[in-house]
Amino acid sequence: MTHDVAIPDPSEIADLATRQLDAYNRFDLDAFCACYHDDVVVYDGEKVVFRGIEAFRDKYAGMFGTRSYGATVDARVATGEHIVERESYWKVDPETQARTEGRLLVRYTAREGKIAVVQFLRCED
């Protein structure tokens, strides 16, 4: 017995991931938030750090005001409504001017045409 199940097109989540990263690097909070679902959930590892677009916007508003960060995608794997990216990032502490760089894995999951889940997974290298 076979079931006809629509498999989501991975190009949709790839497009969302690209658009949000471009907005992030342009310091465009409105365009960045427009990529995210009203009920977005953000995880740091397994821990929920915030829920909902208002908390999401509040979290990023302060950072976007500093204009002292950026990120690039080193590798990407997409399937269905999920994408995992290995990202390199940098940021400058506005008080000390100390620059920090690192890498992390980020999992995005789309729902209803927007990113509904973000999970940050820290890399040790």
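So, here is what we can say about the structure in this document. Everything numeric in this text was worked out from a predicted model, so none of it was measured. (Residues numbered from 1 in each chain as written. Predicted model: local features only at pLDDT ≥ 70, side-chain atom pairs only at ≥ 80, totals over all residues. Heavy atoms only, no water.)

A cluster of acidic side chains, namely Asp 38, Asp 39, Glu 54, Asp 58 and Glu 112, defines a negative patch on the protein surface. Among the elements of the structure, strand 1 (36-44) and helix 3 (53-66) are those that each provide at least two residues to the negative patch. Here Glu 54 lies in helix 3. (Patch = residues over 30% accessible without salt bridge, like charges linked within 9 Å, V, L, I, M, F, W, Y side chains within 5 Å. Areas by Shrake-Rupley, 256 points an atom, 1.4 Å probe, with all protein chains shown as cover. Salt bridge = Lys/Arg side-chain N within 4 Å of Asp/Glu carboxyl O. Lys, Arg positive; Asp, Glu negative; His and termini not counted. Charge placed at Lys NZ, Arg CZ, Asp CG, Glu CD. Helix = DSSP H or I, 4+ residues; strand = E, 2+ residues; numbered from the N terminus.)

What follows concerns the environment of Gly 52. By the secondary structure assignment, Gly 52 is in the loop between strand 2 (47-51) and helix 3. In sequence terms Gly 52 and Val 117 are 65 residues apart; their C-alpha atoms lie 10 Å from each other. The contacts of Gly 52, once residues within four sequence positions are left out, are Asp 38, Asp 39 and Val 40. (Contact = heavy atoms within 4.5 Å.)

Applying the stated criterion to the full structure yields 13 aromatic pairs. On the numbers, 5.1 Å between centres and 90 degrees between planes, the contact of Phe 27 with Tyr 69 is edge-to-face. Residue Phe 27 is found in the loop between helix 1 (10-26) and helix 2 (29-34), and its partner Tyr 69 is found in strand 3 (residues 69-79); the two are separated by 42 residues along the sequence. On the basis of relative accessibility, which here comes to 23%, the residue Phe 27 falls in the partly exposed class. For Tyr 69, a relative accessible area of 3% gives the class buried. (Phe/Tyr/Trp six-rings, centres within 6.5 Å; stacked < 30°, edge-to-face > 60°. Buried < 20%, exposed > 50% of the residue type's maximum accessible area, 1.4 Å probe, protein only.)

What follows covers the pairing of strand 1. Strand direction decides the pairing type here: strand 1 and strand 6 (residues 114-122), joined by five bridges, are parallel. When the bridges of strand 6 are listed, Tyr 43 appears paired with Gln 119. Taken together, the four bridges between strand 1 and strand 2 define a ladder with antiparallel strand orientation. Pairing of Asp 44 across the sheet is with Lys 47, part of strand 2. Hairpin connection from strand 1 to strand 2: two residues lie between these consecutive antiparallel strands, with Gly 45 at a positive phi of about 65 degrees. (Pairing = 2+ DSSP bridges.)

Quick look at the environment of Val 40 now. Among the structural elements, Val 40 can be located in strand 1. With relative accessibility at 0%, the residue Val 40 sits in the buried group. Not counting chain neighbours up to four residues away, the residues in contact with Val 40 comprise Phe 50, Arg 51, Gly 52, Ile 53, Phe 56, Ile 115, Ala 116 and Val 118.

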